[in-house]
Amino acid sequence: MPSEQIRSPRPFPRAHAAKGVALLLVVAVLLVARVPEPGADEVDSLAAGFSFTPLELEPPPGLPMREHRDLHPDYEGIQAWMSSVGAGIAVTDLDGDGLMNDLCYVDSRVDRAVVAPAPTGPPRYDTFALDTGDLPYDDTMAPMGCLPVDADADGRMDLLVYYWGRSPTLHLASGDAPAADAYEAVELLDEGFETWHSNAALASDVDGDGTLDLVIGNYFPDDAAVLDTSGGGRPTMQHSMSRAANAGENRLLLGSAGADGPLFTDASQALEGKASVGWTLALGTADLDGDLLPELYVSNDFGPDVLLRNDSTPGDPAFTELGGTWSPTTAGSKVLGEDSFKGMGIDFGDLDGDGRLDMAVSNITEEFALFESNFIWMNTADEALIADGRAPFRDQSEQLGLARSGWGWDIRITDLDNDGHKEVVQATGFVAGEVNRWPEIQEVALVNDELLADPRVWPDLGPETDLSGDGGLSFFARDRGEGRFAEIGDHVGVGRSTVSRGVALADTDGNGVLDIAVANQWDTSVLYRNDSPDPGASISLNLVRPAEHGTTPAIGTGVRVTAPDGRVHVAQVDGGNGHSGKHAPELLIGLGEADADSPVPVELAWRDDRGRVHEAEITLTPGRHTVVLTDGADIPGTGSGSGS
């Protein structure tokens with residue numbers, strides 16, 4: 001019997017072996033790193049403490065309605081993409097009744113900024129659209145958002161509207177009751193209007209002189225002529241999907257402390273590089289190192305976000321970029337300041353209860369389309385890093401179950417049942433249509449960067465386009481046993497399936513829980529009234545400074561509250577952080593199971609109207625409180641106050 005021929009195994013190339021090992025390692029890391037999805041019982045348990053009722057916000061009757069934007073001819077082929085922003089919402093107190101129950105929202109269907117009473121109470125005035133009066137305004141311009149700000153510090157809340165096609169307009173309040181004729185439209189810029197394409201705006205005392213300044217985030221270059229149907233300008237798209245730096249210039253405008261001269265002067269030279277010419281969709285400020293000078297986070301589409309340490313002195317703004325720290329277990333885009341993701345929202349809040357502010361950033365997280373990750377930048381509590389020019393933050397989005405949600409926009413860290421633990425809400429979705437265009441978007445992502453900047457080479461993205469059209473409001477609650485978050489929006493009344501943009505929080509009816517206002521794109525915006533069945537106690541702080549007509553919000557004031565159970569809560573008065581949603585300038589802090597007469601120690605730190613730093617410790621009880629900040633912290637009607 002002949003012997004069988006025995007063959008040696010075919011050699012396996014080392015290169016293939018290396019690739020195989022690398023693939024196995026990647027799969028292993030994903031299996032280990034990704035947190036498991038919650039089960040139905042866990043979701044039901046988390047949802048039991050929340051309930052919201054949607055109340056729709058209809059624009060004033062008689063305004064013409066549209067479904068898309070009229071564009072420069074070079075942009076017409078990507079009409080859906082170019083029509084994907086422009087819905088925004090803000091909550092504030094416009095009529096001085098002591099409640100944050102007035103809305104200024106931009107409805108993209110009517111292309112107007114609309115003022116309305118919150119529908120959680122009886123109507124106090126007729127809904128109306130802001131008028132630009134004699135200021136230049138035509139079809140090459142469209143509003144993108146509304147920022148409440150007391151621009152002249154007189155105690156009446158004014159409204160700043162920012163646009164594609166022109167620089168922002170200021171609508172100065174001249175009366176007590178909100179009405180169309182109670183606002184005077186003036187140019188924000190003393191020299192007249194310029195052609196900007198703005199998608200974010202906030203108010204903050206950047207240079208520490210005691211007056212509010214403005215930061216405006218611009219998107220398209222000034223000469224892009226996006227809405228010019230006559231074909232002028234130089235239409236331009238981003239020149240890279242991950243390192244684009246050919247956008248419009250971001251602006252820093254310093255407020256004036258004097259009675260004469262312009263309200264704001266340009267100091268944009270203080271913003272450089274990625275902080276200046278990235279495609280900015282969101283902005284955020286918060287004091288991260290305890291000097292009462294707000295750091296600035298610039299959330300850029302198509303390229304790295306930027307965190308800037310504030311080194312300013314009065315009248316002289318200055319910043320230092322804070323870079324993240326890489327380690328062998330850190331992906332390149334998970335290093336702060338080095339990401340290639342599509343930043344679209346930013347918010348600050350203490351997620352883990354360690355008394356330090358963390359940061360939440362929205363990106364695009366479509367698993368079978370564009371698979372990035374949201375950022376949850378957890379504060380590592382190493383303030384020495386900030387002094388050394390490094391950012392004390394590491395992304396923990398995957399570990400917390402917050403990495404994926406969809407096509408993200410505004411994101412908020414908040415407590416919606418007053419149990420003293422945070423929830424996260426996020427606007428999601430891009431454009432809704434009948435034809436899935438993700439294959440085309442994946443193709444365009446591979447185009448040479450220089451070609452990418454030309455809108456004429458982009459694929460067809462017409463009105464029928466669908467890209468993440470099943471968005472809405474994502475609602476994440478935390479399982480304190482497991483330590484991770486689960487998305488439960490459909491179980492608590494906020495999972496409406498429409499593309500959304502801006503998210504703003506406020507206690508609109510004064511009942512001690514936060515409502516959620518959501519701006520939807522090409523759809524009716526909604527205020528979700530908080531009807532949670534058994535919320536904990538809360539303390540609501542309206543922190544203000546004296547003004548000619550009452551008081552003005554003390555933007556940037558820091559608060560440290562010790563709850564009766566010993567937990568410490570930190571917060572700062574927000575001046576417009578995020579994409580197109582603007583919080584009410586009031587702090588509401590959940591206290592858990594606290595008695596109505598429980599003493600609550602409150603530590604305050606603020607700058608007065610001359611920029612001087614003060615601190616105070618006061619004791620309050622659960623409920624609503626107004627605190628007037630001067631040299632001390634005074635509580636009207638009690639005669640009490642303290643400070644240093």
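Analysis parameters
- Residues numbered from 1 in each chain as written.
- Predicted model: local features only at pLDDT ≥ 70, side-chain atom pairs only at ≥ 80, totals over all residues.
- Heavy atoms only, no water.
- Helix = DSSP H or I, 4+ residues; strand = E, 2+ residues; numbered from the N terminus.
- Buried < 20%, exposed > 50% of the residue type's maximum accessible area, 1.4 Å probe, protein only.
- Pairing = 2+ DSSP bridges.
- Disulfide = S-S within 2.5 Å.
- Salt bridge = Lys/Arg side-chain N within 4 Å of Asp/Glu carboxyl O.

- The name given to the protein chain in an unreviewed UniProt entry is FG-GAP-like repeat-containing protein, with Nocardiopsis codii as the source organism.

Quick word on the environment of valine 613
Here is step 1 of the chain: Considering the arrangement of structural elements, one finds valine 613 in strand β38 (residues 613–620).
Here is step 2 of the chain: Sequence separation between valine 613 and glycine 493 is 120 residues, and the spatial gap between their C-alpha atoms is 43 Å.

Some points on the pairing of strand β18 (residues 345–349)
Here is step 1 of the chain: With 5 of 5 residues buried, β18 lies mostly within the body of the structure.
Here is step 2 of the chain: Of the two faces of β18, the one lined by Gly345, Asp347 and Gly349 and the one lined by Ile346 and Phe348 are each fully buried.
Here is step 3 of the chain: Of the strand pairs in this sheet, β18 and strand β19 (residues 358–362) are connected by 5 bridges, and their pairing is antiparallel. Its bridge partner being in β19, phenylalanine 348 is matched across the sheet by methionine 359.

Some details on the state of the cysteines
Here is step 1 of the chain: In this structure the tally under the stated criterion is 1 disulfide.
Here is step 2 of the chain: Shown here is the disulfide that connects cysteine 104 with cysteine 146, its sulfur atoms set 2.0 Å apart. Taking the sign of the torsion about the S-S bond as the criterion, the disulfide between cysteine 104 and cysteine 146, at about 100°, is right-handed. With cysteine 104 in strand β3 (residues 102–107) and cysteine 146 in strand β6 (residues 142–149), this pair connects stretches of sequence that are 42 residues apart.

As for the pattern of salt bridges
Here is step 1 of the chain: Applying the stated rule across the entire model yields 32 salt bridges.
Here is step 2 of the chain: Here aspartate 410 makes a salt bridge to arginine 412, at a shortest N to O gap of 3.5 Å.
Here is step 3 of the chain: Note on arginine 412: relative accessible area 0%, which makes it buried.
Here is step 4 of the chain: What you see here is one network of salt bridges that share partners, running through Asp95, Asp97, Asp102 and Arg124.

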